[in-house]
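Working through the structure, step by step
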Amino acid sequence: MKFGWSRRSFLAVLGAFTGGLFAPAGSNAASLWGKKHKPPVSGIDGSSIVPITTGLGSTGDIYAELGVTPLVNINGTVTVIGGSVMKPEVMELIRRGNEHFVLIDELEIAAGKFIARLCKSPVGYTGLVTGGAAAAMVVGYAGMMTEDLEPRMRDIPDVSNFPRNEVIIQKSHRYPFDHQIRQTGAKLIEIETREEMIAAINPKTVAIHFTNILSDKGKVSGPETVAIAKAHGLYTFNDAAADVPPKERLWEYPSMGFDMVAFSGGKDIRGPQASGVLIGKEELIRYSLLNMSPQEDRIGRCCKVGKETVFGLLKALEMFVNEDFDAALQMYDERAQVITDAVKKFGVTALPRQFDPQALGNVTPRYSWQIDPSKLKITGAEIMQKLADTRPVGIGSMGAGASGMRGRNPDAPSGDHHDENHRPPRAPNTFGFAVWQLKPGEDQRIADRLVEILNEVPKAYSFDH
């Protein structure tokens, strides 16, 4: 007998075979072995931690081996420097997640139920672990337009023949991540007012997009957006990627009536950097999963989520929801005080902590210090640059804009520079940063480095005599 084997035919046979392994116990497939399955036992894969004695990692300093500079994170949870550092418990769940193989779709569905319970989701909602919040937008919008129709899932992003392929967005809510909506082939329809939003609705409209971080910029609020969409049979998507903490937003936004809400898993939640959380109506989440990996020939095949990422994200989310934020805030204050105590002898004084727990976008405490120009001839920007230039480990990064690397723009006006930080200019005699991403001992490292920097600064009187 001759067989024409290919990767696809092999996987099909393998799928049929393993399908029997996961069939109900009473089925014929489950009786292939002639006996009941025993509970799984711990495997060998990933179950032990071993020392690395040769090759990459053998020196204990993988960054030096590759010739790149590690950073002490005083910038915040920005993707261009790696988001956040995961807690030991999260890393352990990632390791355990590597112990066995598993059907990824089955794991995702179970993880979604875990997320829904943990995040107090409304009845009929579930969750999905995605490859970041941007990936959640891709598969979420794809799901809205394709539903569970195989031909559509193969055709997207060619949505020209789809019955509904337009997404309404407030002009003030346009932002770099609406690229993820556009990459599905959906057409964005800009509006500004409530009346324009209603007038823009037509048979081709599938959804209304809401950019949470810009919700104070638009003329139509979240609740109004939901009400209009419901009245016209449309979906709503809320991109709240950077808007936890406070943790309550994990359940407040779905409860507000948004059909889908996306959160980043690699920011304040401190899960794997390439993870996101999509919470939404069960049917829409099913459509989203159909449009992403491990399924083939899907627009979201590139949005792959590994089993290790799923377990790491779930643990990080659990720890985040159960965290005592008041205690954490006290710890941040104590870290800042270490720095304050070190620099006060130079006439540098602490300013009041800046923190609005209800603000939008990467809500974290920020600490600042005031330089007395009559005592020191140095600016805040110069201090921040010297911290960034510290080696072998940099302290922050002056060169890492939030948007990442930029290509050439031949049409840009001469001298036009993109403002990467989107922050108002700081007073010249102040410097400051976030401390919440510091690891134990890094507050003292910063304090010691600041003492070195300030000791090298000429005193003001030396310029006057």
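Residues numbered from 1 in each chain as written. Predicted model: local features only at pLDDT ≥ 70, side-chain atom pairs only at ≥ 80, totals over all residues. Heavy atoms only, no water.

1. Digging into the confidence of the model for the chain
Residues of the chain with pLDDT of at least 70 account for 85%, and the chain-wide mean is 88. Counted against residues more than four places away or in other chains, residues 418-422, with its pLDDT under 50, gives seven contacts. Long-range and interchain partners of residues 461-465, a stretch whose pLDDT sits below 50, account for two contacts in this model, where long-range means more than four residues apart. (pLDDT = per-residue confidence, 0-100. Contact = heavy atoms within 4.5 Å.)

2. Structural notes on the packing of helix α5 (residues 133-146) against helix α11 (residues 282-290)
α11 packs onto α5 with a crossing angle of 110° between their chain directions and a minimal axis gap of 7 Å. In terms of their interaxial angle, α5 and α11 are classed as roughly perpendicular. Contacts between α5 and α11 pair Val139, Gly140, Gly143 and Met144 from the former with Leu284, Tyr287 and Ser288 from the latter. When grouped by side-chain class, the residues that make up the contact of α5 with α11 number four nonpolar, three polar and no charged. (Axes fitted to C-alpha atoms, helices over the stretch in contact; angles between N-to-C directions. Helix = DSSP H or I, 4+ residues; strand = E, 2+ residues; numbered from the N terminus. Parallel < 35°, antiparallel > 145°, perpendicular 65-115°, else oblique. Nonpolar A, V, L, I, M, F, W, Y, C, P; charged D, E, K, R; others polar.)

3. Here we look at the nonpolar core
Ranked by size, the top nonpolar core spans 63 residues in total, and within it Ile115, Met144, Phe237, Leu250, Phe263 and Leu278 carry the most contacts. Setting aside chain neighbours within four positions, we find Phe263 in contact with Ala133, Ala240, Ala241, Val244, Arg249, Leu250, Tyr253, Gly276, Val277 and Ile279. Judged by nonpolar contacts, the second largest core, of 33 residues, contains Ile74, Ala336, Ile378 and Ile383. (Core = buried A, V, L, I, M, F, W, Y, C linked by side-chain atoms within 4.5 Å. Buried < 20%, exposed > 50% of the residue type's maximum accessible area, 1.4 Å probe, protein only.)

4. Observations regarding the environment of Glu282
Secondary-structure assignment places Glu282 in helix α11. C-alpha separation for the pair Glu282 and Lys113, spaced 169 residues apart in sequence, amounts to 9.9 Å. Apart from residues lying up to four places away in sequence, Glu282 is in contact with Gly124, Tyr125 and Thr126.

5. Overview of a nonpolar patch on the surface
A surface patch of nonpolar side chains, about 510 Å² in accessible area, is lined by Leu56, Ile62, Tyr63, Leu66 and Val68. By the secondary structure assignment, Leu66 is in helix α2 (residues 62-66). (Patch = residues over 30% accessible without salt bridge, like charges linked within 9 Å, V, L, I, M, F, W, Y side chains within 5 Å. Areas by Shrake-Rupley, 256 points an atom, 1.4 Å probe, with all protein chains shown as cover. Salt bridge = Lys/Arg side-chain N within 4 Å of Asp/Glu carboxyl O.)

6. What about helix α13 (residues 325-343)?
Between the first and last C-alpha of α13 there are 27 Å, a value that for 19 residues agrees with the 27 Å anticipated at 1.5 Å per step. Of the residues making up α13, those classed as buried are Ala328, Leu329, Tyr332, Arg335, Ala336, Ile339, Thr340, Ala342 and Val343. Of the surrounding secondary structure, the elements contacted by the buried residues of α13 are β9 (349-350), β10 (367-370), β12 (430-433) and α15 (442-455). The opening residue of α13, the one whose side-chain oxygen lies 3.2 Å from the backbone nitrogen of Asp326, is Asp324. (Expected span 1.5 Å × (residues − 1). Polar contact = N/O pair within 3.5 Å; in protein donor to acceptor, adjacent residues only side chain to side chain.)

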